[in-house]
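Reading the structure
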Amino acid sequence: MAAIKTRFLIISDTHGQLFDTKGAQQANADVVIHCGDLTDESKIDEFRTTLDLLRQLPAPLKLVVPGNHDLTLDEPTFRQRLAEVTQPIEPELVVKSFGELGEPRRLFEQARDAGILLLDEGNHVFNLGNGAVLRVYASPATQSRGGWAFQYPPDEKHDFAIADDTHVAITHGPPLGITDYTDSNQRAGCPQLFGAVARAKPMLHCFGHIHEGWGGKLVAWRDPLPSSSINVGGENKQQPQQEPSHFTHINNEQSVVVEKLSNLKMGRFDDAETVKSKVERAQDYVRKGYCSTSHCSNDAHPLVPGSQTLFINAAITGRDDELPIQPPWVVDIELPQAAGPKPDGQ
């Protein structure tokens, strides 16, 4: 079946803010992806702003997952948070700030004619306008004890049921061990998510949540680790394969860092030449309006399905004044040709 070059424009963590989209508009994407935190406080006007932003990005299909800040899209948690307020808020004030219950989802339903789709957790299939089929897994889930939206405690497991034939995984949070370092130099990704991605091996996994983890990495997977045997009472018994982790299942020698934030931001020990190089690199992204990478069959680093996954942390909002808006990502990969009618109500 023919491989079709497909362009993705990927953003995350816009938090209800607009940014200059002129460059991104010229990327001519086939699919726009927003990986969550559409809002900062889940206010209804923030949702409207984000939908206006998505409408500015020309693409036939725009796929969106919520993030932990998008509380009103997680109605059970939103109701619980309201019930826990010690001094109850007047209902009319709640409606004024957050809209009626269900109103944010209705805004997305009304935006379907602009190609904007809010994805619930699970596997989805799309036939694209360029003739390719796109198989997506989506999940807003992140681990935390903070009581935000779509979250689960770190000591509980979440089932990221990524189908084996998935092309693109879209989650809000990162997997453990890949572009997930916080400012305090701690990894904040989810081990269950890493395991699910390592087993399914999609071509592309995009996410955000950890703003300072912005970057991209083409990961080469190790072959499955062989099961080991132990001697029990004179009998050799097979032990199950080791649970996937970033220590055991990534071939670091064959993996490639595409870009990372430390290549753009000044470090304490940077010399004058390094500073100049970083400034020029950042200015180039500002001029273009995005950071781009291509992994098609005729590129320097072609993506080998089943053996490699391109990981993209696309958090837009920066942590400081040096880079307040981090570049969107434009990614080219090859998808198989579609056959049959369009699924998922297209």
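Naming follows an unreviewed UniProt entry, where the protein chain appears as Calcineurin-like phosphoesterase domain-containing protein of Apiospora saccharicola.

Let us look at the sheet that holds strand S15 (residues 291-294). Read from one edge to the other, the open sheet built from six strands follows the order S4-S3-S2-S1-S17-S15, with strand pairing classed as mixed. Each edge of the open sheet is held by one strand with a lone partner, namely strand S4 (116-118) and S15. The mean angle between the axes of side-by-side strands here comes to 25°, regardless of whether they run parallel or antiparallel. Examined bridge by bridge, S15 and strand S17 (residues 329-336) share four bridges and lie parallel to one another. Across the sheet, Thr 293 pairs through a bridge with Val 331, a residue of S17.

For the coordinates displayed, the defined rule picks out 16 salt bridges. Measuring nitrogen to oxygen at the nearest pair gives 3.7 Å for the salt bridge that ties Asp 332 to Lys 5. Residue Asp 332 is found in strand S17, and its partner Lys 5 is found in strand S1 (residues 3-11); the two are separated by 327 residues along the sequence. Among the residues examined, Asp 332 registers a relative accessible area of 4% and is labelled buried. Among the salt bridges present, the one from Asp 284 reaches Arg 287, with a minimum N-O distance of 3.7 Å. Remark: Arg 287 and Asp 284 occur in helix H7 (residues 272-288); sequence separation between them is three residues, near one turn of the helix. It is possible to trace a salt-bridge network through shared partners that takes in Lys 5, Arg 7 and Asp 332.

Looking now at the packing of helix H2 (residues 44-56) against helix H5 (residues 103-110). Packing of H2 against H5 brings their axes to within 10 Å, and their N-to-C directions diverge by 20°. The orientation of H2 with respect to H5, classified from their angle, is roughly parallel. Handedness of the crossing formed by H2 with H5: right-handed. For the pair formed by H2 and H5, the contact residues are Ile 44, Phe 47, Arg 48 and Leu 51 on the first element and Glu 103, Pro 104, Leu 107 and Phe 108 on the second.

Now for the UniProt feature "domain: Calcineurin-like phosphoesterase" (unreviewed entry) in the protein chain. Per the UniProt record, "domain: Calcineurin-like phosphoesterase" (unreviewed entry) is found at residues 7-212. Across residues 7-212, the secondary structure splits into 26% helix and 20% strand, with the terminal C-alpha atoms separated by 25 Å.

Another point: the sheet that holds strand S11 (residues 215-220). Sheet strands pair by backbone hydrogen bonding; their relative direction is either parallel or antiparallel. An order of S5-S6-S9-S10-S16-S11-S14 is seen for the seven strands of this open sheet, with the pairing classed as mixed. The open sheet is flanked by strand S5 (122-127) and strand S14 (256-260), the only strands paired with a single partner. Between one strand axis and the next, the sheet turns by 15° as a mean value, whatever way the strands run. Pairing between strand S6 (residues 133-139) and strand S9 (residues 168-171): four bridges, direction parallel. Note that in S9 the partner of Ala 138 across the bridge is Ile 170.

Here the focus is the environment of Asn 263. Residue position: Asn 263 is located in the loop between S14 and H7. Separated by 12 residues in the primary sequence, Asn 263 and Val 275 have C-alpha atoms spaced 9.6 Å apart. Those residues in contact with Asn 263, other than ones at most four positions away along the chain, are Lys 278 and Arg 281.

The next point concerns the pairing of S6. Within S6, six of the seven residues are buried, leaving the element largely enclosed by the surrounding structure. The hairpin turn running from S5 into S6, its antiparallel successor, is five residues long, and Gly 131 in that turn takes a positive phi close to 100°.

So, how was this worked out
- Residues numbered from 1 in each chain as written.
- Predicted model: local features only at pLDDT ≥ 70, side-chain atom pairs only at ≥ 80, totals over all residues.
- Heavy atoms only, no water.
- Pairing = 2+ DSSP bridges.
- Helix = DSSP H or I, 4+ residues; strand = E, 2+ residues; numbered from the N terminus.
- Axes fitted to C-alpha atoms, helices over the stretch in contact; angles between N-to-C directions.
- Salt bridge = Lys/Arg side-chain N within 4 Å of Asp/Glu carboxyl O.
- Buried < 20%, exposed > 50% of the residue type's maximum accessible area, 1.4 Å probe, protein only.
- Parallel < 35°, antiparallel > 145°, perpendicular 65-115°, else oblique.
- Left-handed = near helix turned anticlockwise from the far one by under 90°.
- Contact = heavy atoms within 4.5 Å.
- UniProt positions renumbered as here; feature names shortened; annotations may be inferred.

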